[in-house]
Amino acid sequence: MSEKTIPYKIYLEEHEMPKQWYNLRADMKNKPGVLLNPETLQPMTLEELSEVFCTELAKQELDDTNAYIDIPEDILKFYKMYRPAPLVRAYCLEEKLQTPAKIYYKFEGNNTSGSHKLNSAIAQAYYAKQQGLKGVTTETGAGQWGTALSMACAYFDLDCKVYMVKVSYEQKPFRREVMRTYGASVTPSPSETTEVGRKILAEHPGTSGSLGCAISEAVETAGKLDGYRYVLGSVLNQVMLHQSIIGLETKAALDKYGITPDIIIGCAGGGSNLGGLIAPFMGEKIRGEKDYHFIAVEPASCPSFTRGKYAYDYCDTGKVCPLSKMYTLGSGFIPSSSHSGGLRYHGMSSTLSQLYDDGLMEARSVEQTSVFEAAREFARIEGILPAPESSHAICVAIDEAMKCKETGEEKTIVFGLTGTGYFDMVAYEKFNNGEMSDYIPTDEELQRGFDSLPKLDL
Ligand SMILES: *Cc1c(COP(=O)(O)O)cnc(C)c1O
């Protein structure tokens with residue numbers, strides 16, 4: 001198809017929207033490591049997992065054989081309200097960069113949560129409702145997940161208790177109010193409301209918190225309350241499964257115009273948007289049908305892939321969650337308070353970790369200031385004020401487009417624009433004032449995190 005006919009925005013008609021999620025694990029030759037019970041160190045059974053998660057979600061977590069899973073009708077209905085997410089051809093950015101590269105981005109910020117998190121939140125709330133639960137507990141870092149879950153719980157009339165990493169709670173009071181508007185209760189973490197919170201506060205007084213701490217508090221609270229389960233917005237296989245909607249839509253949109261990407265880029269916090277975006281393409285790569293260059297982008301301040309170890313580790317600081325085999329900085333690693341809250345997690349999706357270990361994907365880390373420079377450039381040209389997390393992907397997309405400018409290659413680049421940055425104005429303010437720092441942990445600091453890895457004899 002001739003270049004001119006590709007519109008600025010490629011939408012899908014309602015009948016073209018995916019009706020099933022894609023489970024990449026079914027096609028992986030080397031399956032990701034199984035979750036281990038933190039007490040027995042044996043693989044978590046469905047029964048054990050169902051004590052923490054909704055049963056249906058526990059099943060999805062353990063399923064590495066079924067490639068396609070039907071999306072329930074109620075979830076499809078909800079998806080139709082804010083999806084399909086547009087796939088945008090960044091013509092204006094290409095022109096500004098004077099690059100022969102063709103750049104596309106999949107924009108997930110078109111909903112009140114301002115991110116892709118709603119794709120999994122609505123699914124998790126649905127299964128909780130199906131099971132007859134009263135409510136759910138969770139953690140939130142930057143606040144996008146908490147917001148998404150509050151929206152989903154309001155829709156299905158479930159109670160929602162959110163532990164919000166303290167630094168975000170303080171920096172983003174308006175996020176908190178959005179959640180409360182949707183009916184959620186929000187507690188800054190670490191808090192005095194849980195045993196693990198009190199313990200962490202005693203050991204690290206004045207800590208600004210971390211996702212790992214907030215997870216421990218949310219899990220503890222769910223365990224103590226009748227009719228509650230814990231839900232998680234990233235890292236888990238079930239979340240990546242729900243987020244496959246991003247990649248499936250992207251692929252359907254590209255296929256409509258006969259476009260095959262060369263490079264696919266996404267930011268990586270716990271790995272869910274990246275995993276969801278690349279899933280159908282990675283499936284083709286693994287099956288030997290096509291080849292793509294995948295790039296995971298993470299902050300230099302929290303470099304799980306690029307400087308982490310591939311090992312079994314706790315998913316949370318309080319060590320109450322199952323152990324997962326992943327690229328990790330150690331659950332004892334507390335990242336510096338960077339402005340990309342959604343990427344401040346010590347570990348990584350076990351599925352992406354295995355793919356990375358198998359050499360099927362590249363990872364790069366970028367520094368905060370370069371990320372915000374890319375964000376500013378993008379905002380000024382493409383009109384969207386991006387989330388700091390998403391801007392990691394923008395940064396590498398621009399780098400790759402500039403490489404094409406040097407070599408004259410007309411590569412097609414697709415990246416995930418996971419959300420908007422309206423609640424990140426403290427970060428933008430620091431950047432605009434020239435007060436942003438690029439903190440990179442030293443090897444000694446990382447070593448302290450690695451020292452917290454469980455010594456397992458597996
Ligand atoms: C949470 C979040 C991320 C990172 O989470 P993943 O699970 O790695 O996708 C990225 N961008 C935005 C806008 C987020 O809210």
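Residues numbered from 1 in each chain as written. Predicted model: local features only at pLDDT ≥ 70, side-chain atom pairs only at ≥ 80, totals over all residues. Heavy atoms only, no water.

### Things to note about the domain arrangement of the protein chain
Domain parsing of the protein chain yields domain 1 (3-17 + 76-114 + 237-450) and domain 2 (21-70 + 117-230). For domain 1 and domain 2, the distance between their C-alpha centroids amounts to 21 Å. Together domain 1 and domain 2 conceal approximately 4,900 Å² of surface at their shared face, both sides included; 62% is due to carbon and sulfur atoms. Its largest share of buried area at the contact with domain 2, domain 1 owes to Gln 238, Leu 241 and Phe 423, together 15% of the area lost on that side. In this assembly, domain 1 and domain 2 are joined by two salt bridges. With its nearest N and O atoms 2.8 Å apart, the salt bridge here joins Lys 172 to Asp 424. Linking domain 1 with domain 2 are 21 residue pairs in polar contact (both at pLDDT 80 or more), by the criterion used here. Going through the elements one at a time, helix 3 (73-82), helix 11 (237-256), helix 12 (272-286), strand 12 (309-314), strand 13 (323-328) and helix 14 (350-357) are the ones with two or more residues in the side of domain 1 that touches domain 2. Sort the elements by how many residues they give to the side of domain 1 that touches domain 2 and helix 11 lands first, with eleven residues. In terms of residue class, the side of domain 1 that touches domain 2 is made up of 27 nonpolar, 19 polar and ten charged. (Domains from an automatic or database assignment. Buried area = accessible area lost by both parts, 1.4 Å probe. Salt bridge = Lys/Arg side-chain N within 4 Å of Asp/Glu carboxyl O. Polar contact = N/O pair within 3.5 Å; in protein donor to acceptor, adjacent residues only side chain to side chain. Helix = DSSP H or I, 4+ residues; strand = E, 2+ residues; numbered from the N terminus. Nonpolar A, V, L, I, M, F, W, Y, C, P; charged D, E, K, R; others polar.)

### Here's the deal with the sheet that holds strand 11 (residues 293-299)
In space, the seven strands of this open sheet follow the order 1-4-5-15-10-11-14, with mixed pairing throughout. Looking at which strands have only one partner, the edges of the open sheet turn out to be strand 1 (9-10) and strand 14 (362-366). Pairing analysis gives five bridges linking strand 10 (residues 263-267) to strand 11, with the strands arranged parallel. Its bridge partner lying in strand 11, Ile 264 is registered against Phe 294. (Pairing = 2+ DSSP bridges.)

### Quick notes on the packing of helix 3 against helix 5 (residues 118-130)
Running from N to C, helix 3 and helix 5 point in directions that differ by 150 degrees, and their axes come no closer than 10 Å. Classified by the angle between their axes, helix 3 and helix 5 sit roughly antiparallel to one another. Two packed elements cross with a definite hand, and for helix 3 against helix 5 that hand is right-handed. Packed against helix 3, whose contacting residues are Asp 74, Ile 75, Phe 78, Tyr 79 and Tyr 82, the element helix 5 presents Leu 118, Asn 119, Ile 122, Ala 123, Tyr 126 and Tyr 127 at the interface. When its residues are assigned to classes, the contact of helix 3 with helix 5 shows nine nonpolar, one polar and one charged. (Axes fitted to C-alpha atoms, helices over the stretch in contact; angles between N-to-C directions. Parallel < 35°, antiparallel > 145°, perpendicular 65-115°, else oblique. Left-handed = near helix turned anticlockwise from the far one by under 90°. Contact = heavy atoms within 4.5 Å.)

### Quick look at the packing of helix 15 (residues 368-382) against helix 16 (residues 388-407)
Angle between the axes and distance between the axes: these two values describe a pair of packed helices. At a minimum axis separation of 8 Å, helix 15 and helix 16 run at an interaxial angle of 85 degrees. The angle between the axes of helix 15 and helix 16 places the two elements in the roughly perpendicular class. Between helix 15 and helix 16, the residues in contact are Ser 370, Val 371, Phe 372, Ala 374, Ala 375, Glu 377 and Phe 378 and Pro 388, Ser 391, His 392, Ile 394, Cys 395 and Ile 398, respectively. Residues that form the contact of helix 15 with helix 16 fall into these classes: nine nonpolar, three polar and one charged.

### Some remarks on the nonpolar core
Membership of the largest hydrophobic core comes to 75 residues, with the highest contact counts inside it found for Trp 21, Leu 24, Ile 75, Tyr 79, Phe 305 and Met 361. In this structure, Ala 101, Ala 393, Val 396 and Ile 413 belong to the second largest nonpolar core, which totals 34 residues. (Core = buried A, V, L, I, M, F, W, Y, C linked by side-chain atoms within 4.5 Å. Buried < 20%, exposed > 50% of the residue type's maximum accessible area, 1.4 Å probe, protein only.)

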